[in-house]
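Chain by chain, the residues run as shown.
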Amino acid sequence: MSRCATVSRNLDEPLSGTAATATTWLLLEQPGPWGAEALTSSHLDSALGRALEAAADGTGVRVALIRQPGPHADHGAPPVRQVYAAHTVPGRVWLHSAITRDPQRLLQLDFPALGAGDHRSLGTVLGARPHRGDPLALVCTNGKRDRCCALLGRPLAAELADSGVRGVWEVTHLGGHRFAPTVLVLPYGYAYGRAGAHTIKEALHGVREGRVVVEGCRGCSAWARPGQAAELAVRSAAGEYRAGVLSVVRTDGGAPRWEVTVVHADGRRWRVTVAQGASLPPRPESCGAAVLGAPARMDVTHLRALSPTALAG
């Protein structure tokens, strides 16, 4: 017999969404101010920014800019830039790093291969190697996109860096600015919303131990929103917090209701019903919003462990 469980509660709002779906993140250091569309409205060459956007389109790669926490006066183009790339699909997670004097070289990368988890072009083009340092905490501070990110994100990034946490970077728009401060933790690609320093420190400690901290977690960026909610619900129901052991293998249906299949590395499977609801009561969707809204949220309404018979069928 399959074991059924009805989930009568809604997921907490921070679990209702995450950064835009990305199987692979490509991060390029770019100091100085960022505009609303940072790749084309920063001190990065705008033609290069447009070319990177075009190269990544439809590949599963998300390109973002990073900078060290602190003042962002314009000191001209840096002679050497840090580059990171991270693939976040469970079971095939990796994080590589490189430095470059010529960011134009990023256009020589094989973007479809990167999106599929093949990192070989990173080594060939940039001399990248597996990252042996601390996990990364990317704090969204793109205030020109939404001022919440600057008002709440920059103090968090500074607090983390000042307290000795390594691997902290400011990053351009992650998505979900109404949950600011928002933070993406790599290599596993889990996002956190309305995050405090304690939560992020715990999340980074969890990465070092190979586990996922679900407090304040908004899901893994490798999955679409229904899959994010389903995976986190299975983690809580099964008490499974190890990283890399749960995958979203199928999503049926469409808004406002999905049936999501989550599989464990040991063969266990769950079917999760996710319904799209509205966040109530109405609220401003960002610091700069002039009107109230009711943004969509993902509610898990039913979770069922599938029996071997169900799997065979």
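Residues numbered from 1 in each chain as written. Predicted model: local features only at pLDDT ≥ 70, side-chain atom pairs only at ≥ 80, totals over all residues. Heavy atoms only, no water.

K.L.:
I'd like a rundown of the pattern of salt bridges, residues and numbers included.
P.N.:
A full pass over the atoms with the stated rule returns twelve salt bridges. With its nearest N and O atoms 2.9 Å apart, the salt bridge here joins Glu170 to Arg67. In this pair, Glu170 is assigned in strand 8 (residues 168–171) and Arg67 in strand 3 (residues 61–67), connecting sequence segments 103 residues apart. Residue Arg297 pairs with Asp299 through a salt bridge whose shortest N-O separation is 2.8 Å. There is no split in this pair, since Arg297 and Asp299 are both buried. Salt bridges sharing partners connect three or more residues here, namely Arg67, Arg154 and Glu170. (Salt bridge = Lys/Arg side-chain N within 4 Å of Asp/Glu carboxyl O. Helix = DSSP H or I, 4+ residues; strand = E, 2+ residues; numbered from the N terminus. Buried < 20%, exposed > 50% of the residue type's maximum accessible area, 1.4 Å probe, protein only.)

K.L.:
Lay out the environment of Leu152 in plain terms, naming residues and giving numbers.
P.N.:
With respect to the helices and strands, Leu152 occurs in helix 4 (residues 147–162). Considered as a pair, Leu152 and Gly196 are 44 residues apart in the sequence and their alpha carbons are 9.8 Å apart. Setting aside residues no more than four positions away along its own chain, Leu152 makes contact with Ala180 and Pro181. (Contact = heavy atoms within 4.5 Å.)

K.L.:
Could you give me a rundown of the pairing of strand 3, with the residues and numbers involved?
P.N.:
Across the seven residues of strand 3, seven count as buried, placing the element largely inside the fold. Taken together, the six bridges between strand 2 (residues 24–29) and strand 3 define a ladder with parallel strand orientation. Residue pairing for strand 3: Leu27 is matched across the bridge by Ala64. Crossover strand 2 to strand 3 through helix 1 (residues 46–56) is right-handed. (Pairing = 2+ DSSP bridges. Right-handed = clockwise from strand over helix to strand, strands pointing away.)

K.L.:
Quick rundown of the packing of helix 4 against helix 5 (residues 197–209)? Include the residues and the values.
P.N.:
Their axes nearest at 10 Å, the elements helix 4 and helix 5 cross at an angle of 55°. It follows that helix 4 is oblique to helix 5 by the angle criterion. For the element pair helix 4 and helix 5, the recorded crossing hand is right-handed. From helix 4, Leu156, Glu159 and Leu160 reach across to helix 5, where they touch Ala197, Ile200 and Lys201. Residues belonging to the contact of helix 4 with helix 5 are distributed by class as follows: four nonpolar, no polar and two charged. (Axes fitted to C-alpha atoms, helices over the stretch in contact; angles between N-to-C directions. Parallel < 35°, antiparallel > 145°, perpendicular 65-115°, else oblique. Left-handed = near helix turned anticlockwise from the far one by under 90°. Nonpolar A, V, L, I, M, F, W, Y, C, P; charged D, E, K, R; others polar.)

K.L.:
Lay out the sheet that holds strand 6 (residues 129–130) in plain terms, naming residues and giving numbers.
P.N.:
Hydrogen bonds along the backbone pair up the strands of a sheet, which may run parallel or antiparallel. Reading across the sheet, the ten strands line up as 6-5-4-2-3-8-7-9-10-11 and stay open at both edges, with mixed pairing between neighbours. Looking along the sheet, the strands with just one partner apiece sit at the ends: strand 6 and strand 11 (217–220). Strand direction decides the pairing type here: strand 3 and strand 8, joined by two bridges, are antiparallel. Within strand 8, the residue paired with Ile66 across the bridge is Val171. Here helix 4 sits on the sheet in contact with strand 7 (136–140), strand 8 and strand 9 (183–186), set at roughly 150° to strand 7. Relative to the sheet, helix 6 (residues 225–238) contacts strand 10 (190–192) and strand 11, its axis offset from that of strand 11 by approximately 110°.

K.L.:
An account of the confidence of the model for the protein is requested, with residue identities and associated values reported.
P.N.:
Scored by pLDDT, the protein has a mean of 87; 83% of the residues are at 70 or more. Here residues 1–19 is modelled with pLDDT under 50, and outside its nearest four sequence neighbours on either side it reaches 63 contacts, counting other chains as well. (pLDDT = per-residue confidence, 0-100.)

K.L.:
Which residues make up the environment of Ala222, and what values do they have?
P.N.:
Along the polypeptide, Ala222 turns up in the loop between strand 11 and helix 6. The buried category is assigned to Ala222, whose relative accessible area is 9%. For the pair formed by Ala222 and Ser247, sequence separation is 25 residues and the distance between their alpha carbons is 9.6 Å. Beyond its immediate chain neighbours, meaning those up to four positions away, Ala222 contacts Thr21, Ala22, Thr23, Thr88 and Val89.

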